[in-house]
Structure formats: C-alpha cells, structure tokens
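The chain contents come next:
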Amino acid sequence: MTDVKLAIIYYSATGTLHAMAQRLGEAAEKAGAEVRLRQVAELAPPEAIASNAAWSQHFDTTKDEPRATADDVVWADAVLFGTPTRYGNVASQLKQFLDTLGPQWAQGLLANKAYAGFTASMTEHGGQESTLLALYHTIYHFGGVVVAPGYTDPLKFADGNPYGVSHVTGGSNDAPLTDVQYAALDHLARRVVTIGGKLRA
C-alpha cells in the first residue's frame, strides 16, 4: 500500500516517546506512507521543566520541531497517538490537543480513519494498558477505527502488549528501546498503514 497519509502525534517529556515516534515514522515510510511527525505543545510551567535535567534538555532539543495541528489529523488516513502514562491516563499535553478537535469532530472529519497508540512508563505495571484504553475512548467518539496490534504476529508475545506498543523506562527513566520494542513499533506502523489504506479505499 502506497501513498497512505500517516500522522504520528505525540507528547514526550524526556525523549522516550520521541524516539518511539521516530521509529514508527521510519517504518511507515518504508511501508510506503507519507508521514507527518508532530509533537503537541508543552503545557508545563518553565520551573517544572527546569527541575528535571532530562526534561529540560529534551525541551530545548525539540523546541523548533513542528507542532501538531488539527489539520494533521484531518489530512491523515491513519493516526498514531503517543503519550507517556500519567497516573494510568493520557498526559495532559496530548489530552489538551485532543480536546481542541471538537470542530473537526463535529464535521465528521475525524471518522473512518485507522488509529492506534503507543506509550511508556517507568515500571512494568505503571499504567500502560489503562493509558492506551483511555486514549481509545476518544477514538470511539471520533468514529475512528482502533487498529490495535493484538497478537497478529508472534513478535507480540515478546512485546506483550496487544493494545499498542509500550516501553518500560526503568527507575532512572532512561532505559533505551530494545530490539523487542523496535520490532513491535515496526509491526504497528505497517499494520496501521495497511489498514488505513483499506479504509481510505
């Protein structure tokens, strides 16, 4: 499937979700998709960002990258949303972006697209599944089609998350992505691009 338009829209504080989004974009382009990689706007006050060196560094590194707009979702045939877990829920930065899409939702411009999500947390049971399920509540209201990976490939038994793709960053919050996550991200990108193309047709 070629010429599928994929928007990857995410929030990343310290860089994990940024790295996951970049890998998804690379895999989607290899699958023939046109990709828009967009981070949502930061809402945290400067003093909060400055209190965490990794957060501050990532903010400075990515401050000139393009930010997500409603047009990115409208433009796309498929959308991947990424968010770290926040008390088992979607980060406020991504949620605020989703909440601004009311006008597009009212016009039916968000429906009939393929959607899926990716996330990360510090601990293995830190809310990854509940975060993705909470994210999908919004997709249901859009009239979108949730394209969870399930166990559609044996590699998902290594990754272990049928709801999307997730990563455990560890107690120091800096554990790098491994081949397990890369394989799961590649699979998710290919699957969403393929089904997004079928829905567009």
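Each remark here, short or long, concerns the structure printed above.
Reading the values: rules and limits
- Residues numbered from 1 in each chain as written.
- Predicted model: local features only at pLDDT ≥ 70, side-chain atom pairs only at ≥ 80, totals over all residues.
- Heavy atoms only, no water.
- Helix = DSSP H or I, 4+ residues; strand = E, 2+ residues; numbered from the N terminus.
- Contact = heavy atoms within 4.5 Å.
- Buried < 20%, exposed > 50% of the residue type's maximum accessible area, 1.4 Å probe, protein only.
- Pairing = 2+ DSSP bridges.
- Right-handed = clockwise from strand over helix to strand, strands pointing away.
- Expected span 1.5 Å × (residues − 1).
- Axes fitted to C-alpha atoms, helices over the stretch in contact; angles between N-to-C directions.
- Parallel < 35°, antiparallel > 145°, perpendicular 65-115°, else oblique.
- Left-handed = near helix turned anticlockwise from the far one by under 90°.
- Nonpolar A, V, L, I, M, F, W, Y, C, P; charged D, E, K, R; others polar.
- Phe/Tyr/Trp six-rings, centres within 6.5 Å; stacked < 30°, edge-to-face > 60°.

On to the side chain of T62, then. Tracing the backbone through its elements, the reader meets T62 in helix α3 (residues 53–62). If we skip the residues at most four places from it in the chain, T62 touches H18, Q39 and R67.

Our focus in this paragraph is the pairing of strand β1 (residues 5–10). Within β1, five of the six residues are buried, which leaves it mostly tucked inside the rest of the structure. In the sheet, β1 pairs with strand β2 (residues 34–39) via six bridges, with the strands oriented parallel. Of the residues in β2, the one forming a bridge with K5 is E34. Handedness of the crossover is the feature at issue here: the chain leaves β1, passes through helix α1 (residues 16–30), returns alongside β2, and the resulting connection is right-handed. Taken together, the five bridges between β1 and strand β3 (residues 78–86) define a ladder with parallel strand orientation. Bridge assignment links I8 to a residue of β3, and that residue is L80.

This next bit is on helix α7 (residues 128–142). Taking 1.5 Å per residue as the helical rise, α7 with its 15 residues ought to reach 21 Å, and the 22 Å between its terminal C-alpha atoms agrees with that figure. Those residues of α7 lying buried are Q128, T131, L132, A134, L135, Y136, T138, I139 and F142. Immediately beyond the C-terminal end of α7, within one or two residues, lies G143, with a positive phi of roughly 80°.

Below, the discussion takes up unusual backbone geometry. The residue Y87 is not glycine, and still its phi comes out positive at about 55°. As for its position among the elements, Y87 is in the loop between β3 and β4 (89–90). For N112, which is not glycine, the phi torsion reads 65° and is therefore positive. Tracing the chain through its elements places N112 in the loop between α6 (102–106) and β5 (114–121).

Below, the discussion takes up the packing of α1 against helix α9 (residues 179–200). Relative to each other, α1 and α9 sit at 50°, their axes nearing to 8 Å. As summarised for this structure, α1 and α9 are arranged oblique, according to the angle between their axes. Considering only the axes of α1 and α9, their crossing is right-handed. Counting all contacts with α1, which are made through M20, R23, L24, A27 and A28, the residues of α9 involved are Y182, L185, D186, L188, A189 and V193. Of the residues in the contact of α1 with α9, the class split is nine nonpolar, no polar and two charged.

A few words on the packing of aromatic side chains. All chains considered together, the criterion is met by three aromatic pairs. With a centroid separation of 5.8 Å and an interplanar angle of 55°, the aromatic rings of Y115 and F142 are classed as tilted. Taken together, the residues Y115 in strand β5 and F142 in helix α7 connect sequence positions 27 residues apart. Ring geometry for Y151 and F157: centres 4.8 Å apart, planes at 25°, overall stacked. What makes Y151 partly exposed here is its relative accessible area of 42%.

Here we come to the environment of A31. Structurally, A31 can be placed in the loop between α1 and β2. A relative accessible area of 24% means that A31 is categorised as partly exposed. Sequence spacing of A31 and T119 is 88 residues, and the spatial spacing of their C-alpha atoms is 22 Å.

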